[in-house]
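# Chain and residue survey
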Amino acid sequence: MFENISIGTDIEENARFVGKNPENSRAFLEKIYTPSELEYCFSSKQPQNHLCARFCAKEAVIKALSEFNIKDVYYSDVEILKFESGAPYVKLEKYPNIKIKLSVSHCKKYSTATAIALL
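The text that follows walks through the structure, step by step, so that each part is easy to find.

Thresholds applied
- Residue numbers run consecutively from 1 along every chain, following the written order of its sequence.
- Thresholds applied to this predicted model are a pLDDT of at least 70 for local features of residues and 80 or more for the giving and counting of side-chain atom pairs; totals over whole chains, interfaces and linings are not thresholded and use all residues.
- Note: side-chain values were computed over all heavy atoms of the structure, leaving out hydrogens and water.
- We call a set of buried residues a nonpolar core when its members are Ala, Val, Leu, Ile, Met, Phe, Trp, Tyr or Cys and they connect through side-chain atoms within 4.5 Å of each other.
- Accessible area is worked out with a 1.4 Å probe on protein chains only. A residue is then buried under 20% of its type maximum, exposed over 50%, and partly exposed in between.
- Numbering goes from the N terminus for both helices and strands, where a helix is a DSSP run of H or I of at least four residues and a strand is a run of E of at least two.
- Contacts are residue-level and defined by heavy atoms, with any inter-residue pair within 4.5 Å sufficient.
- Between 30 and 60 degrees the pair is tilted, below 30 it is stacked and above 60 it is edge-to-face, where a pair is any two Phe, Tyr or Trp rings, Trp via its six-membered ring, whose centres lie within 6.5 Å.
- Both a distance and an angle decide whether a charge sits over a ring: NZ of Lys or CZ of Arg must be within 6 Å of the ring centre and within 35 degrees of the ring normal.
- DSSP calls a pair of strands paired once it identifies at least 2 bridges connecting them.
- We define a polar contact as two N or O atoms separated by no more than 3.5 Å, with the added condition that, inside protein, one atom must be a possible hydrogen donor and the other a possible acceptor, whereas residues neighbouring each other in sequence contribute only through side-chain atom pairs.

### A closer look at the nonpolar core
Generally speaking, a soluble globular protein has its nonpolar side chains buried in company with each other. Grouped together as the largest cluster of nonpolar side chains are 28 residues, with contacts concentrated most on Y33, V90 and I100. Considering each element in turn, this core owes the most residues, nine residues, to helix 3 (residues 47–66). What V90 contacts, discounting residues up to four positions off in sequence, is V61, V78, E79, I80, I100 and L102.

Here's what the structure looks like:
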């Protein structure tokens, strides 16, 4: 009945991303995030929360895709963007036929994301 729908979720501590910046963590950041994601995250006073939330979103998407036996999507292939309304959405050029719904949230200590993939 639900063969064409999959879900993934992730939660992380924001503290994991404290101190990550382009000067001392360039290789890590460029492996995980797109330039536009980095620009957005580092425009904030608390970039660790936004970095963590986007990491969770990417993890959630990758987990949801794994249910479809898709294993060739990496963090940098999953771009988390925002509509003008502020709602997040996923840009996944590798698999344009897959629709992904995304919910992302963060508070002082944690970030979380849930992705629903429709094939």
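### Describing the packing of aromatic side chains
Aromatic ring pairs are defined here through the distance separating the ring centres and the angle between the ring planes. Tallying each qualifying case throughout the model produces four aromatic pairs. Pairing F55 with Y75 gives two aromatic rings, centres 5.2 Å apart and planes at 25°, and the pair type is stacked. You can see F55 sitting in helix 3 and its partner Y75 sitting in the loop between helix 3 and strand 2 (79–82), a full 20 residues away along the chain. Classification of Y75 by relative accessible area gives partly exposed; the value is 22%. Every member of this aromatic cluster is reached through a ring pair, and the members are F17, F28, F55 and Y75. Sitting over the face of the ring of F28, K20 holds its NZ or CZ atom 4.8 Å from the ring centroid.

### Some words on the pairing of strand 1 (residues 5–13)
Consecutive side chains along a regular strand alternate between the two faces of the sheet. On strand 1, burial follows the alternation: S6, G8, D10 and E12 on one face are buried, whereas I5, I7, T9, I11 and E13 on the facing-out side are not. Both strand 1 and strand 5 (residues 110–118) contribute to a ladder of nine bridges, which runs antiparallel. Bridged to S6 within strand 5 is A117.

### Description of the environment of Y33
By the element assignment, Y33 lies in the loop between helix 1 (26–32) and helix 2 (35–41). Overall, Y33 belongs to the buried group, its relative accessible area being 2%. For the pair Y33 and S103, spaced 70 residues apart in sequence, the C-alpha to C-alpha distance is 18 Å. In contact with Y33, other than residues within four places in its own chain, are F17, F28, L38, L51, C52, R54, F55 and K58. Looking at Y33, its side chain comes within polar contact range of the main-chain oxygen of L51, at 2.7 Å.

Interpretation in functional terms is not warranted from these geometric data alone.
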